[in-house]
Amino acid sequence: MAARPEFPSGPGSDAAGAAAGAGAGELAGVRGLAAWVPAAIADHAPHITVVGDAMLDGWWTGTIERFCREAPAPVVDITRRDYAAGGAANTAMNLAALGARVRMCGLIGNDDAGHRLRAILDGAGVDTTDLCQDERVGTTTKYRILGGDQVMLRIDDTHDGLPADAIRSLADRVPGAVAGADAVVVCDYGSGALGPEVRAALAPESGIDPDILIVVDAHDTAAWAEICPDIVTPNAAEAAQVLALRLDPRSDRVAVVTERRSELLAATNAAAVVVTLDRDGTVLLTGDGGHRTWAKPATEKQASGAGDTFVASLTAARAAGLPLTTSLDLAQAAADVVVHRPGTSVCTTADLAEHLQQFADTALATADLLRRVEEDRSAGRRIVLTNGCFDVLHRGHTRYLNQAKQLGDVLVVALNDDAGVRRLKGPDRPINPIADRAGIIASLSCVDYVTVFSTDTLVPLIELLKPDVYAKGGDYTAQMLEETPAVEACGGRVRILDYVPERSTAAVVRRIRSTRLAGDVP
């Protein structure tokens, strides 16, 4: 598996401001999603090759004013025809929109749809040199027919029986297409083009650079085990297929796949498995732990391709050196952007930065927080409350907040204000002011609401909020907490979560400052 480079720090990052003049490399990567991160990825401009099933998406819109005489079916008078890159080509488009330098390697037809698809990719700056066009192949096209705002019908124009020599020709292109790449994304939708020949061209025995990050997004991820991928991204049904398991739709999908973590990792031969759960976000499974992201679902029924956006963003972030858990949170944020849009769309660097920027001033006043929580409680949702300084975000924080989220439905994080941090930590803290701390915490997908408190304990807020669960880190006990009687008085319970040893803000700051004093930081 590839060893990923560390992501440089930047304005608003964990390292920035920890010591005046601190530079890159002091921390084990960025842990929070500040609005500057997408631009930093674009500046890095990783080389990424997409090998996969490229398709064309058609969105035809019209009006409905009558039914046909032959059957009780509406007649759609087409008024507009829009086309977009689909499948692996949509992944390539999203990568290019995030600033990556992208090559597309795939097999399409030398037909009208194929020419239209190539033109769309070329227009986005994707290198299509290795996008093979063959007279004997038809370009897969998916047409959505819309009447007003409603998808009335989808027509899939697919083509079976790819010529063997066309597949071999594609496989011959792979080594050149991946040469010099920072990452390869395999998008296998089961067309038959990405068979044994292509897999052999990407296997370690082929001589592929071992430092290339390999991400596999495939209907059958186990089929790609021979290439030893760094990350595979099956959805819940695909993960169940790998496990030869029938997934009950009423089951806790996260619990099911987490319990079978070892089997999934062994079957896919991957360093990490990211199971996508549509409206429920994602779950990361690795040999030594996991991570959750939570989606912000939309009611929009016309959105398509959010999974492609997720995979593209995850790959771009990892190729640029972001830690895996932070890359997942960024990918979830990008998917949240496109799922709220109709049609097949992409998330650009500007889109993602704007989305993250909206969290910068999202700390709620107590009255607003109580109103929103009351709405959630009326809807039957369990409220989890936790608090802390969260000054320089690190792995211990993100693990702890993910655990807290899983104790209920809505996670509220109360942050000590700057004066409160100084009282607790000393006159040289906080490193990051409350606006920055609130924005970064709010950007985490597991966090629903952020508020700020100025009192020495959280008891006044607990008495108002009446949480179902009050969560604290494992370096406390319930008996140690002044808040415990207030929680129990309102019918809630206190939960002490896992403690991550040797992960603390103080330790991080000491490392930054000691590095700077040693002269390693300009």
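Everything numeric here is computed off the predicted structure, so don't read it as measured data.

Cut-offs used in this document
- Residues numbered from 1 in each chain as written.
- Predicted model: local features only at pLDDT ≥ 70, side-chain atom pairs only at ≥ 80, totals over all residues.
- Heavy atoms only, no water.
- Pairing = 2+ DSSP bridges.
- Helix = DSSP H or I, 4+ residues; strand = E, 2+ residues; numbered from the N terminus.
- Contact = heavy atoms within 4.5 Å.
- Axes fitted to C-alpha atoms, helices over the stretch in contact; angles between N-to-C directions.
- Core = buried A, V, L, I, M, F, W, Y, C linked by side-chain atoms within 4.5 Å.
- Buried < 20%, exposed > 50% of the residue type's maximum accessible area, 1.4 Å probe, protein only.
- Arc of directions from axis to C-beta.

A few words now on the sheet that holds strand E19 (residues 449–453). Strand order in this open sheet of six strands is E16-E19-E18-E17-E20-E21, and the pairing throughout is parallel. Both outer strands of the open sheet, strand E16 (363–364) and strand E21 (493–496), are each paired with one neighbouring strand and no more. Contacts from helix H12 (residues 366–378) reach E16, strand E17 (383–388), strand E18 (410–416) and E19, with the element oriented near 145° to E19.

Attention now goes to the nonpolar core. Counting residues in hydrophobic clusters, the biggest one holds 80 residues, and the most contacted among them are Val50, Leu95, Met104, Leu121, Leu330, Leu401 and Ile441. Broken down by element, the residue count for this core peaks at nine residues, all from helix H10 (residues 324–338). Setting aside chain neighbours within four positions, we find Ile441 in contact with Phe390, Leu393, Leu401, Val413, Leu415, Val447 and Val450. In this structure, Ala177, Ala218, Val254 and Val257 belong to the second largest nonpolar core, which totals 40 residues.

What follows deals with helix H8 (residues 261–268). When we look at burial in H8, the residues that qualify are Arg261, Leu264, Leu265 and Thr268. The arc enclosing the buried residues of H8, seen along the axis, measures out at 95°, which places them on a common side. In H8, the exposed residues that point more than 90 degrees away from the buried face are Ser262 and Ala266. Where H8 is buried, its residues meet strand E10 (231–232), helix H6 (236–242), helix H7 (253–259), strand E11 (272–276), strand E12 (282–286) and strand E13 (289–293). Just downstream of H8 lies Asn269, where phi reads positive at about 55°.

Judged by how many residues are buried, E19 sits mostly within the fold: four of five residues are covered. Here two bridges tie E16 to E19, and the two strands are oriented parallel to one another. When the sheet's bridge partners are listed, Leu364 is paired in E19 with Thr451.

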